[in-house]
Amino acid sequence: MSARVPGPVMVAAGCGGTGRELVAYSGPDGLDGLPFVTRSITLDPRPGSTGTRLVEVPGGLVNAVGLPNPGLEHFLATELPWLVRAGARVVVSVAGSTMGEYADLARRLSRAPGVAGLEVNVGAPDEAGARLFEAREPYHAASVIAAVRREFPADRPVLAKLRPDVSRVVEAARSCHEAGATAIVVGNAVPAAFPDGRSGGLSGPAVAPIALRCVADVGRALPEVPVIGCGGVHDVASARAYLSAGAVAVQVGTALLHDPTTVARLRASLTDSQEETP
Ligand SMILES: Cc1cc2nc3c(=O)[nH]c(=O)nc-3n(C[C@H](O)[C@H](O)[C@H](O)COP(=O)(O)O)c2cc1C
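Residues numbered from 1 in each chain as written. Predicted model: local features only at pLDDT ≥ 70, side-chain atom pairs only at ≥ 80, totals over all residues. Heavy atoms only, no water.

## A few points about the packing of aromatic side chains
For clarity, the cut-off: Pairing of aromatic rings covers Phe, Tyr and the six-membered ring of Trp, with a centre-to-centre limit of 6.5 Å; geometry is then stacked below 30 degrees between planes, edge-to-face above 60, and tilted otherwise. Whether a charge sits over a ring comes down to the Lys NZ or Arg CZ being within 6 Å of the ring centre and within 35 degrees of the ring normal.
Scanning the model with the defined rule gives zero aromatic pairs in all. In this structure, arginine 198 is placed above the aromatic ring of phenylalanine 194, and the distance from its NZ or CZ to the ring centre is 4.4 Å.

So this is what it looks like as structure tokens:
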């Protein structure tokens, strides 16, 4: 069996909470069948950043949340079983500070019931103090993907999530696909700064034209590689722009913080017109 790419509308990592926060806004079926990417899970718990985590700016948000999460053990014991019971199609986002950590996460998640796939966060904006493995170079990103792919069953998807860096994205997508990624998620928050100069990541409608350019570039250069568009999706038109540029699915992040019904509405509008990609 070959891995299938979830779609056409997914919850983006870190923007659907643990799922419990979203369920009341997800229509009559709740999370049933919803491709849900968890916040990035690390081996050990992370408290996240101290100080301001989110600032609203014209067209979006600047965030420096620091990937707060309860760590793998707690995730496996509580959050994952809840999501599985709710019927979500759970794609676990993984992040680590070493290649070994990524491999360990993949190995242990491969044995956990209900994990539909993994998303490898190799494109997080460089927040101060985030202490993540530096995968900005395409060959570093590809090494992480290869390490994860080796540990995770071939019939379940491994998604490589890249930052929307127009100058490197095609090269990074090619390297990650060759390393075994089932699909490439383009992109993540764009490296940016808070008004006080602290580093963070910009997300929301302001980043859509950048991520869209990256999706189009990857689609033209690598037509055989499934691409998932992520960045500023908030309505049918913004989702369709990615699909028209060749994306097989879209992820919705910041829009959920503004209106948590966004994914349910987009699913209702787009599911009829878009079949899942084999
Ligand atoms: C509050 C917040 C938390 C996020 N947490 C994560 C995370 O844990 N892992 C990850 O890969 N991306 C994370 N992201 C990035 C989003 O998944 C998404 O890639 C990015 O925000 C661009 O999409 P958007 O414009 O629809 O938000 C986060 C974004 C925000 C705003």
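Let us keep going from here.
## A look at the pattern of salt bridges
What counts is decided by this rule: Any carboxyl oxygen of Asp or Glu that lies within 4 Å of a side-chain nitrogen of Lys or Arg is treated as forming a salt bridge with it. Counting from the N terminus, the helices are the DSSP runs of H or I reaching at least four residues and the strands are the DSSP runs of E reaching at least two. Between buried and exposed lies partly exposed: a residue is buried under 20% and exposed over 50% of the maximum accessible area for its type, with that area taken using a 1.4 Å probe on protein chains only.
Scanning all chains against the criterion turns up eleven salt bridges. Of the charged contacts, one joins glutamate 119 and lysine 161 as a salt bridge, the two residues approaching to 4.0 Å between their closest N and O atoms. Placement of the pair is glutamate 119 in strand β6 (residues 115–121) and lysine 161 in strand β7 (residues 158–162), with a sequence separation of 42 residues. With relative accessibility at 0%, the residue glutamate 119 sits in the buried group. Owing to a relative accessible area of 6%, lysine 161 belongs among the buried residues under this scheme.

## A look at the sheet that holds strand β4 (residues 60–63)
So the rule is basically this: In short, DSSP must find at least two bridges between two strands for them to pair. Axis geometry follows a simple rule: fit a line to the C-alpha atoms, using only the stretch in contact for helices, then measure angles between N-to-C directions, giving values from 0 to 180 degrees.
Reading across the sheet, the four strands line up as β3-β4-β10-β9 and stay open at both edges, with antiparallel pairing between neighbours. Across the chains shown, the open sheet's two edge strands, defined by having one partner strand only, are β3 (54–57) and β9 (190–193). Adjacent strand axes in the sheet meet at a mean angle of 35 degrees when their direction is disregarded. Judged from the three bridges that link them, β4 and strand β10 (residues 199–203) form a sheet pairing that is antiparallel. Residue leucine 61 lies in a different strand from β10, and its bridge partner there is serine 203.

## Focus on the state of the cysteines
Disulfides are covalent bonds that connect the sulfur atoms of two cysteines. This is how it is decided: The disulfide definition used here is simple: a pair of cysteine sulfur atoms within 2.5 Å.
Taken as a whole, this structure holds zero disulfides when the rule is applied. The thiol of cysteine 15 is not disulfide-bonded; the next cysteine sulfur, from cysteine 230, is found 7.6 Å away. The class of cysteine 230 is buried, set by a relative accessible area of 9%.

## Some thoughts on the layout of surface pockets
Counted only if it meets this: The distinction between a cavity and a pocket rests on a 1 Å grid over the protein atoms alone: a 1.4 Å probe fits inside a cavity but cannot get out, while a pocket stays open yet meets protein on both sides within 12 Å along at least five of seven lines, and a residue with an atom within 4 Å of a point counts as lining. Grid points are joined across faces, edges and corners, and a volume is the space filled by probe spheres set on the points. When residues are sorted by character, Ala, Val, Leu, Ile, Met, Phe, Trp, Tyr, Cys and Pro go into the nonpolar class, Asp, Glu, Lys and Arg into the charged class, and all the rest, Gly among them, into the polar class.
Estimated volume of the largest pocket: approximately 1100 Å³. Gly14, Cys15, Asn63, Thr254 and Leu257 are, among the 46 residues lining the largest pocket, the residues nearest its centre. For the lining of the largest pocket, the elements supplying multiple residues, two or more each, are β3, β4, β6 and α7 (254–258). At four residues, the largest contribution of residues to the lining of the largest pocket is made by α7. Along the lines of polarity and charge, the residues of the lining of the largest pocket split into 19 nonpolar, 20 polar and seven charged.

## A short note on the pairing of β10
In terms of residue burial, β10 counts as a mostly covered element, since four of its five residues are buried. The pairing of β9 with β10 spans four bridges and is antiparallel. Looking at the pairing, proline 191 lines up with glycine 201 of β10. Linking β9 to β10, which pair antiparallel, is a turn of five residues; within it glycine 197 sits at a positive phi near 95 degrees.

## Points about the nonpolar core
Note the following rule: By nonpolar core is meant a set of buried Ala, Val, Leu, Ile, Met, Phe, Trp, Tyr and Cys residues that side-chain atoms within 4.5 Å join together. The contact criterion used is simple: two residues touch if any of their non-hydrogen atoms lie within 4.5 Å.
Counting residues in each nonpolar core, the largest one holds 66 residues, and the members touching the most others are Val92, Leu109, Val120 and Ile184. Look past the residues within four positions of leucine 109 in its chain and what remains in contact with it is Leu72, Phe75, Leu76, Val92, Val94, Val115, Leu118, Phe152 and Arg156. In terms of nonpolar packing, the next biggest core, distinct from the first, is built from 13 residues, Val5, Ala12, Val185 and Ala249 among them.

## Looking at unusual backbone geometry
Residue proline 8 follows glycine 7 across a cis peptide bond; omega there is -5 degrees. By the element assignment, proline 8 lies in the segment before β1 (9–11). If you check the backbone angles, leucine 67 has positive phi at about 50 degrees while not being a glycine. With respect to the helices, strands and loops of the structure, leucine 67 is situated in the loop between β4 and α1 (72–85).

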